[in-house]
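One letter stands for each residue in the lines below.
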Amino acid sequence: MVMIEQLEKWLRHYDPIHRGYTPQGIANGVCATRGFAFPRVAGGYNLYRALGEVVATDDAEIVGAASANALAIATFAWRPAAAATAYHFAVTAIGGGGVESAVGAFQVAVAFDDDGLAVAPVPNAPVDLRVTPLADGCFEVAWRYDMRDEAVSPERFDVFGGAGAVDYETPLGNVTYRARAGWYAFVTEGYAHDAVGCFGVRAVSAAGVDDGNTVIACGRAQAVGPPVHREVFAAVVEAE
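Peer 1: A description of the state of the cysteines should follow, citing residues and the corresponding values.
Peer 2: Counting across every chain of the model gives one disulfide. What pairs with Cys-198 in a disulfide is Cys-218, and their sulfur atoms sit 2.1 Å apart. Judged by the sign of its S-S torsion, about 105°, the cystine formed by Cys-198 and Cys-218 is right-handed. One end of the pair, Cys-198, is in strand β10 (residues 196-204); the other, Cys-218, is in strand β11 (residues 217-220), with 20 residues separating them in the sequence. Taking the relative accessible area as the measure of exposure, Cys-218 reaches 40% and is therefore partly exposed.

Peer 1: Can you explain the nonpolar core? Please cite residues and give values.
Peer 2: Core analysis: the biggest nonpolar cluster contains 17 residues, and Trp-143, Phe-157 and Tyr-184 have the highest contact counts within it. When contributions to this core are tallied by element, the ones reaching two or more residues are β6 (139-144), β7 (156-163), β9 (183-187) and β10. Leaving out residues up to four positions away in the same chain, Tyr-184 has contacts with Val-141, Ala-142, Trp-143, Tyr-145, Phe-157, Val-175, Thr-176, Tyr-177 and Arg-178.

Peer 1: Please provide a residue-by-residue account of the sheet that holds β7, values included.
Peer 2: Pairing in this open sheet of four strands is antiparallel, and the strands run β8-β7-β10-β11 from one edge to the other. Strand pairing shows two members of the sheet lacking a second neighbour, β8 (173-176) and β11, which therefore form its edges. Going from strand to strand, the sheet's axes swing by 25° on average, the running direction of each strand aside. Looking at chain direction, β10 and β11 are connected through four bridges and run antiparallel. Its bridge partner being in β11, Val-196 is matched across the sheet by Arg-220.

Criteria and thresholds
- Each chain has its residues counted from 1, running along the sequence as written.
- pLDDT decides what is reported in this predicted model: residues at 70 or higher carry local features, side-chain atom pairs at 80 or more are listed and counted, and totals for whole chains, interfaces and linings draw on all residues regardless.
- Values reported for side chains reflect all heavy atoms of the structure, with hydrogen atoms and water molecules removed beforehand.
- Put simply, a disulfide is two cysteine sulfurs that come within 2.5 Å.
- In DSSP terms, a helix is any run of H or I states spanning at least four residues, a strand is any run of E spanning at least two, and both are numbered starting from the N terminus.
- Residue exposure (1.4 Å probe, protein chains only): buried if accessible area is under 20% of the type maximum, exposed if over 50%, otherwise partly exposed.
- The criterion is simple. A nonpolar core is a set of buried Ala, Val, Leu, Ile, Met, Phe, Trp, Tyr and Cys residues joined through side-chain atoms within 4.5 Å.
- Residue contacts follow a heavy-atom distance rule, with two residues in contact if any of their heavy atoms lie within 4.5 Å.
- In this scheme, strands are said to pair when DSSP sees at least two bridges between them.
- Here the axes come from fitting lines to C-alpha atoms, over the contacting stretch only for helices, and the angles between their N-to-C directions go from 0 to 180 degrees.

Here's what the structure looks like:
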């Protein structure tokens, strides 16, 4: 067992980037040195792609490679994206000795339409949607936006609503996105007393692409106050 562990350690230094003749090795030119050395002496980057789900290097497809001073990395010409398909992409870094980093938490989701063209990235959906009845039958619609792992920041939030159901055809209004703003709120017009108002919020990018979520929250309108007591009685009580 000890001998096997030592052999594995030795192979990692003797034959970097998966012993040369694997997709990763070929992408980085290790086969040119027959696996005896990593030709990118300054290091570099690998681009991975996984179908639909998040990328894990154990089963992901390598679709690009770049040098250490590259500012961008592109897919290989012989690894085109399939039409009407969604992928996750991730980049790993490689040291000058050929040791590759693990896949990071940040990954980018990209979808392609029926013509094989990339669909504009979609912002994250709003979270913690809630509705609070206000005076005169109005509602306050509130939500948060979590920017972690977003593919693109929203430009605005469109607020949709309706009596008992949400009409996603025409927004009631919109609220401008502010980075790291925390909570957002929108106050609706008045509804009839005791009517049920349902609302949804979608994040919209600068390209006009919304997140498409269908999460809703509802509330009951309070257009009038409680009934007034018609008779009031008063009694004189002696103080103790």
